[in-house]
Amino acid sequence: MIKPDAVANGHAGKILDQIIQAGFKVVALKYTRLSEERAGDFYGIHRERPFFGELVRFMTSGPIYAAILEKDNAIEDFRKLIGATDPQKAEAGTIRNLFAKSIDANAIHGSDSNENAEIEGNFFFGADQRF
Ligand code: CMP
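Residues numbered from 1 in each chain as written. Predicted model: local features only at pLDDT ≥ 70, side-chain atom pairs only at ≥ 80, totals over all residues. Heavy atoms only, no water.

Undergrad: Tell me about the site of the ligand, and please be specific about residues and values.
TA: In the neighbourhood of the ligand, the contacting residues comprise K3, Y43, H46, F51, L55, T85, R96, I103, D104, N106 and H109. Between an oxygen atom of the ligand and a side-chain N or O atom of K3, the distance comes to 2.7 Å. A distance of 2.5 Å is found between an oxygen atom of the ligand and a side-chain nitrogen or oxygen belonging to Y43. Alone, the ligand offers 460 Å² of accessible surface; in the complex the protein occludes 79% of this. A breakdown of the residues in the shell around the ligand according to their chemical character gives four nonpolar, four polar and three charged. (Near = heavy atom within 4 Å. Polar contact = N/O pair within 3.5 Å; in protein donor to acceptor, adjacent residues only side chain to side chain. Areas by Shrake-Rupley, 256 points an atom, 1.4 Å probe, with all protein chains shown as cover. Nonpolar A, V, L, I, M, F, W, Y, C, P; charged D, E, K, R; others polar.)

Undergrad: Give a detailed account of the nonpolar core, specifying residues and quantitative values.
TA: Membership of the largest hydrophobic core comes to 19 residues, with the highest contact counts inside it found for M1, L34, Y43, M59, I64 and F124. Elements that contribute at least two residues to this core include exactly β1 (25-32), α3 (36-42), α4 (52-59), β2 (64-70) and α7 (114-124). With five residues, α4 is the single largest residue contributor to this core. Not counting residues within four places of it along the chain, the set of residues in contact with L34 comprises M1, A39, M59, T60, I64, F123 and F124. Ranked by size, the runner-up nonpolar core spans 17 residues in total, among them A6, A74, A100 and A107. (Core = buried A, V, L, I, M, F, W, Y, C linked by side-chain atoms within 4.5 Å. Buried < 20%, exposed > 50% of the residue type's maximum accessible area, 1.4 Å probe, protein only. Helix = DSSP H or I, 4+ residues; strand = E, 2+ residues; numbered from the N terminus. Contact = heavy atoms within 4.5 Å.)

Undergrad: Can you lay out α7 for me, pointing to particular residues and giving the numbers?
TA: All of the buried residues along α7 are E120, G121, F123 and F124. In an axial view of α7, the angular spread of the buried residues amounts to 150°, which keeps them on one side of the axis. Set apart from the buried face of α7 by more than 90 degrees, the exposed residues are N114, E115, E118 and I119. On the buried face of α7, the contacting elements are β1, α3 and β2. (Arc of directions from axis to C-beta.)

Undergrad: Give a detailed account of unusual backbone geometry, specifying residues and quantitative values.
TA: Look at N73: it is not a glycine, yet its phi comes out positive at around 55°. As for its position among the elements, N73 is in the loop between β2 and α5 (74-82). A positive phi angle, close to 75°, is found at A107, a residue other than glycine. In this fold, A107 is placed in the loop between α6 (95-99) and α7. Assessed through its relative accessible area of 0%, A107 is described here as buried.

Undergrad: Please give an account of the environment of D112 that cites residues and values.
TA: Looking at the secondary structure, you find D112 in the loop between α6 and α7. Between the C-alpha atom of D112 and that of I75, which follows or precedes it by 37 residues, the distance is 6.3 Å. If sequence neighbours within four positions are ignored, D112 has contacts with I75 and R79. Side-chain polar atoms of D112 contact the side chain of N116, separated by 2.7 Å.

Undergrad: I'd love a proper account of the pattern of salt bridges, names of residues and values included.
TA: Counted under the stated rule, the structure contains four salt bridges. Between D41 and R47 there is a salt bridge, with its nearest N and O atoms 3.8 Å apart. The exposure class of R47 is partly exposed, given its relative accessible area of 41%. The residue R57 makes a salt bridge to E54 at a minimum N-O spacing of 2.8 Å. Of this pair, R57 and E54 both sit in helix α4, three residues apart, which is roughly one turn of the helix. Since its relative accessible area comes to 46%, R57 is described here as partly exposed. (Salt bridge = Lys/Arg side-chain N within 4 Å of Asp/Glu carboxyl O.)

Here you go:
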């Protein structure tokens, strides 16, 4: 997901370009806004964490881009491309280093495993929306 901060700041196009230039194939893409219920479901594994409420508030604050991306070694390579969760710790040139302001407003989300990528892809896209 390209998160509400990056969309509101006009960075979505540049971020998508960086992703494509890094060799990821866009299999599915959607511009949408999460309801509180949907954001809570998406981040369900964080429900007990102290930042959950703020995470849901932020993720519902504006529209996002959701995407399914494909590449060899996609999980690891995408995490390298986007940088650390906390933009203060993200390496120079990574998407979060370039475009993110805080740990909540951190511009982009990437799946942390193939298993979660499948779950998160199915959360946003039906079979007829993938190419
Ligand atoms: P994301 O990769 O979307 O997964 C969960 C999100 O919770 C994370 O990025 C951050 O934006 C947000 N978050 C806020 N506080 C924390 C924290 N202390 N540790 C991890 N994630 C956090």
